[in-house]
Amino acid sequence: MADFREEFIELSGAKLHLISGGKGPHLLLLHGAGGNPGWLKFHELLAAQFQLLLPTHPGFGHSSRPEWLDTMGDMVDFYLDFLDRFEFTQLSVAGFSMGGWLAAEIAATCPERISRLVLVDAVGLRVEDAPVADIFLLTPAELQALAFHNISQIEERERLFPAHPTPEQLEVSENSQIMAQLLCWKPYMHNPKLVHRLRRVKAPTLIVWGRQDRLVPLAHGEAYCKAINGARLRVIERCGHAPQLERPAELAEMLKEFVGASAA
């Protein structure tokens with residue numbers, strides 16, 4: 001098992017929870033609205049080839065939120081500070097769901113600093129006749145039914161979705177839900193201007209989608225592919241909204257091939 005570490009760093013008024021591990025070129029992974037899941041089998045599969053950075057966004061989980069940060073635009077500014085803090089002139093970024101939206105916004109804001117971009121079942125766009133399910137109105141059981149093709153294929157399911165969560169786990173989950181609502185409620189899970197801003201993305205872009213994603217339909221992946229010049233779309237069969245959980249080996253191989261090419 002690869003070594004990884006957890007730490008807190010002070011940055012732009014936030015106390016940021018950061019998990020890091022692996023060896024090789026850096027790869028920044030941006031989590032979705034559910035919060036940082038911690039070190040997964042998926043990360044283990046990537047750690048032999050990449051030095052992974054897994055921050056918990058401000059306001060989510062154990063990371064504090066500075067008073068000035070309450071929009072997705074603010075979150076983009078925060079991550080520009082993150083790039084400056086670690087002196088990254090260029091960096092590969094992969095984002096998952098809401099984290100994919102964030103990654104796309106960063107790549108459109110500072111295209112010269114993103115070397116490779118991967119969007120996995122990303123929200124961020126409004127697509128006619130393909131609405132994003134309202135995650136804030138769903139029960140946990142309803143959410144899981146829409147998010148996963150087959151939850152039994154998730155090896156970490158008992159850790160990630162405990163039947164009897166501890167008070168600390170409940171608090172972390174509640175923090176993430178409150179922050180996600182602050183960022184994503186109005187307009188719901190998209191930026192109306194993003195589709196126009198995506199013309200600024202210069203990084204080679206890979207878009208990955210689970211065929212059976214019933215939270216964010218495949219039409220959103222097709223819309224991202226159309227809006228980003230030269231983007232490629234790959235679809236994973238027998239998979240829902242979270243390939244990193246349901247099909248970790250398949251997704252890891254895609255990232256190794258695509259992101260690894262930039263370091264070759």
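Provided above is the structure to which this section pertains.
Figured I'd write up the structure that's included with this text. (Residues numbered from 1 in each chain as written. Predicted model: local features only at pLDDT ≥ 70, side-chain atom pairs only at ≥ 80, totals over all residues. Heavy atoms only, no water.)

1. Quick notes on the overall build of the protein chain
Rules: Note on conventions: DSSP H or I runs of at least 4 residues are helices, E runs of at least 2 residues are strands, and numbering of each starts at the N terminus. A radius of gyration in this sense is built from C-alpha atoms; the matching globule rule multiplies 2.2 Å by the number of residues raised to 0.38. Exposure classes here rest on a 1.4 Å probe applied to the protein chains alone. A residue is buried below 20% of its type maximum, exposed above 50%, and partly exposed in between. His is not counted, nor are the chain ends, whereas Lys and Arg count as positive and Asp and Glu as negative. Lysine's charge is taken at NZ, arginine's at CZ, aspartate's at CG and glutamate's at CD.
What the protein chain contains, in helices and strands, is 10 helices and eight strands. Compactness check: the protein chain gives a C-alpha radius of gyration of 17 Å against a globular reference of 18 Å for 264 residues, within 12% of the reference. Along the three orthogonal principal directions, the C-alpha set of the protein chain runs to about 45 × 40 × 40 Å. With 264 residues in all, the protein chain has 52% of them scored as buried. Distance between charge centres in the protein chain, computed from 25 positive and 32 negative side chains, equals 7 Å.

2. Describing the environment of D213
Our working definition: Here, residues are in contact when the closest pair of their heavy atoms is within 4.5 Å. Contacts described as polar in this section are N or O atom pairs within 3.5 Å, which, within protein, must combine one atom able to donate a hydrogen with one able to accept it, while residues neighboring in sequence count only if both atoms come from side chains.
Tracing the sequence through the fold places D213 in the loop between β7 (205-210) and α8 (218-227). When the C-alpha positions of D213 and E158 are compared, they lie 21 Å apart, and in sequence the two are 55 residues distant. In contact with D213, other than residues within four places in its own chain, are D121, C239, G240 and H241. Within the local environment of D213, its side chain forms a polar contact with the backbone nitrogen of V216, the two atoms lying 2.9 Å apart.

3. Description of the side chain of Q244
Considering the arrangement of structural elements, one finds Q244 in helix α9 (residues 243-246). If sequence neighbours within four positions are ignored, Q244 has contacts with F42, F96, V120 and L251.

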